[in-house]
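Next come the chains, spelled out residue by residue.
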Amino acid sequence: MRPPCQALITGGSSGIGAAVADKLAAAGCRLVVLGRDFDRLDAVASRTGARAVVADLCTPEGLARAADETADVDLLVNSAGVGWAGDLATMGEPDIDRLVALNLTAPMRLTRAALPGMRARGRGQLVYVSSIAAVGVGGESVYAATKAGLRAFADSVRLEVAGEGISVTTVLPGAVRTPFFDHRGLPYDRHFPRQIDAADVASALVGALEQGEAEVFVPRWLSVAARVRGATPQLFYRFAQRFG
Ligand SMILES: NC(=O)c1ccc[n+]([C@@H]2O[C@H](COP(=O)([O-])OP(=O)(O)OC[C@H]3O[C@@H](n4cnc5c(N)ncnc54)[C@H](OP(=O)(O)O)[C@@H]3O)[C@@H](O)[C@H]2O)c1
């Protein structure tokens, strides 16, 4: 990020968003952290000097409150997100709607709200926390679709704002040790890839911002999965069926 920096972090109350708040505060950014849980937000706010905003991004009121916060931001980090794992046929319709609303619609709405201010100032940085699941994962079809959609959205916005002083960065983490898996209702039970810390993702995110990178996989070697999928989809699906 380019100081002085005023940043809004959705999902700032926990996991990756909270770790990003720590890194940005250490770099001298003024922060707004957004989430639903006041106590967790307050804990992050007290250690980072951030202002806490309680808003549910799945509601029109919460989205409007969050959009109001984007007016002056140089950096918008879209980290709020939830997962859901299981057979699609057993997934409740409200769960489908919740994942799409939080993981995809909210970043779209907040980007739309942030762009006029960024354009007027001739500078801005947009960050989207997608997932390696964007390549497609059996048992996580809706989640994977929201994360692939988010990646395509970011790619499209990047083309739209080219030459306007606004950068767009997509972060695609693998498995990260956060409360994400408790909330999705199924623990992370794979031995490979092993889980990394939220602080590792935050470091990669800030590094990508500083280098002006369009996309970063964390850990970086995970980009192999996306490259294999792009180059030889048949081979990718054979591997995916075998190893999940
Ligand atoms: N953990 C992983 O393995 C992993 C891997 C790849 C990508 N990701 C992505 O990383 C992002 C952050 O996840 P995490 O691992 O840090 O999980 P986390 O610790 O569970 O954090 C999720 C964040 O989203 C916020 N949130 C949830 N529902 C919300 C709502 N309706 N309105 C507003 N905020 C809401 C939560 O805030 P409140 O609880 O305060 O509402 C929390 O701050 C997500 O987009 C996730 O898809 C995670």
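A. Spotlight on the packing of aromatic side chains. If you walk through the whole model with that rule in mind, you get 6 aromatic pairs. A ring pair is formed by Tyr143 and Phe180, whose centres lie 5.5 Å apart and whose planes are at 55°; its orientation type is tilted. Taken as a pair, Tyr143 in helix α5 (residues 141–160) and Phe180 in helix α6 (residues 180–184) lie far apart in primary sequence, 37 residues in all. The residues Tyr143 and Phe180 share a single accessibility class, namely buried. Residues Phe181 and Tyr188 carry aromatic rings whose centres are separated by 5.2 Å and whose planes lie at 50° to one another, so their mutual orientation is tilted.

B. Up close: the side chain of Thr111. Here Thr111 lies in helix α4 (residues 93–121). For Thr111, the side chain forms a polar contact with the side chain of Tyr128, separated by 2.7 Å. Residues in contact with Thr111, not counting those within four places in the same chain, are Leu76, Asn78, Leu126, Tyr128, Phe153 and Val157.

C. Seen up close, the pairing of strand β2 (residues 30–35). With 5 of its 6 residues buried, β2 lies for the most part within the structure. Pairing of strand β1 (residues 6–10) with β2 involves 5 bridges; the strand directions are parallel. Note that in β2 the partner of Ala7 across the bridge is Leu31. The β-α-β motif built from β1, the intervening helix α1 (residues 15–26) and the parallel element β2 has right-handed crossover chirality.

D. Region of the structure containing helix α2 (residues 38–48). Buried within α2 are the following residues: Leu41, Val44, Ala45 and Thr48. Down the axis of α2, the smallest arc covering the buried residues is 100°, so these residues share one side. Of the exposed residues in α2, the ones pointing more than 90 degrees away from its buried face are Asp39 and Ser46. The inward-facing, buried residues of α2 abut α1, β2 and β3 (51–54). The backbone nitrogen of Asp39 lies 3.2 Å from a side-chain oxygen of the residue at the head of α2, namely Asp37. Immediately downstream of α2, the backbone of Gly49 shows phi near 75°, a positive value.

E. Spotlight on the nonpolar core. In this structure, Leu57 and Leu126 are the most contacted members of the largest nonpolar core, which totals 40 residues. Listed by contribution, the elements that provide at least two residues to this core are β2, α3 (60–68), α4, β5 (124–129), α5, β6 (166–173) and α6. If one sorts the elements of this core by residue count, α4 sits on top with 8 residues. With sequence-adjacent residues up to four places away left out, Leu57 is seen in contact with Thr10, Leu34, Gly62, Leu63, Ala66, Ala80, Ala101, Leu102, Ala106 and Leu110. Counting 33 residues, the second largest nonpolar core, distinct from the first, contains Ala21, Cys29, Val201 and Val218.

About the criteria used
The residue numbering used here restarts from 1 in each chain and proceeds along that chain's sequence as written. Totals for whole chains, interfaces and linings use every residue, but because this is a predicted model, local features are given only for residues with pLDDT of at least 70 and side-chain atom pairs only at 80 or more, for both listing and counting. No hydrogens and no water enter the side-chain calculation; it runs on all heavy atoms of the structure. Any two of the Phe, Tyr and Trp rings considered here, Trp counted by its six-membered ring, make a pair once their centres fall within 6.5 Å; the pair's planes then place it as stacked at under 30 degrees, edge-to-face at over 60, or tilted in between. Secondary structure elements are taken from DSSP: a helix is a run of H or I of four residues or more, a strand is a run of E of two residues or more, and numbering for both begins at the N terminus. For the exposure calls, accessible area comes from a 1.4 Å probe over protein chains only, and a residue counts as buried if that area is under 20% of its type's maximum, exposed if over 50%, partly exposed in between. Polar contacts here mean pairs of N or O atoms no more than 3.5 Å apart (in protein, one a potential hydrogen donor and the other a potential acceptor; neighbouring residues in sequence count only if both atoms are side-chain atoms). Contacts between residues were defined by any pair of non-hydrogen atoms, one from each residue, lying within 4.5 Å. DSSP bridges decide pairing: two strands pair if at least two such bridges lie between them. Note on handedness: a crossover is taken as right-handed if, strands pointing away from the viewer, the path from the first strand over the helix to the second is clockwise. To obtain the arc, one takes the directions from the helix axis to the C-beta atoms. Nine residue types can take part in a nonpolar core, namely buried Ala, Val, Leu, Ile, Met, Phe, Trp, Tyr and Cys, and a core is a set of them joined through side-chain atoms within 4.5 Å.

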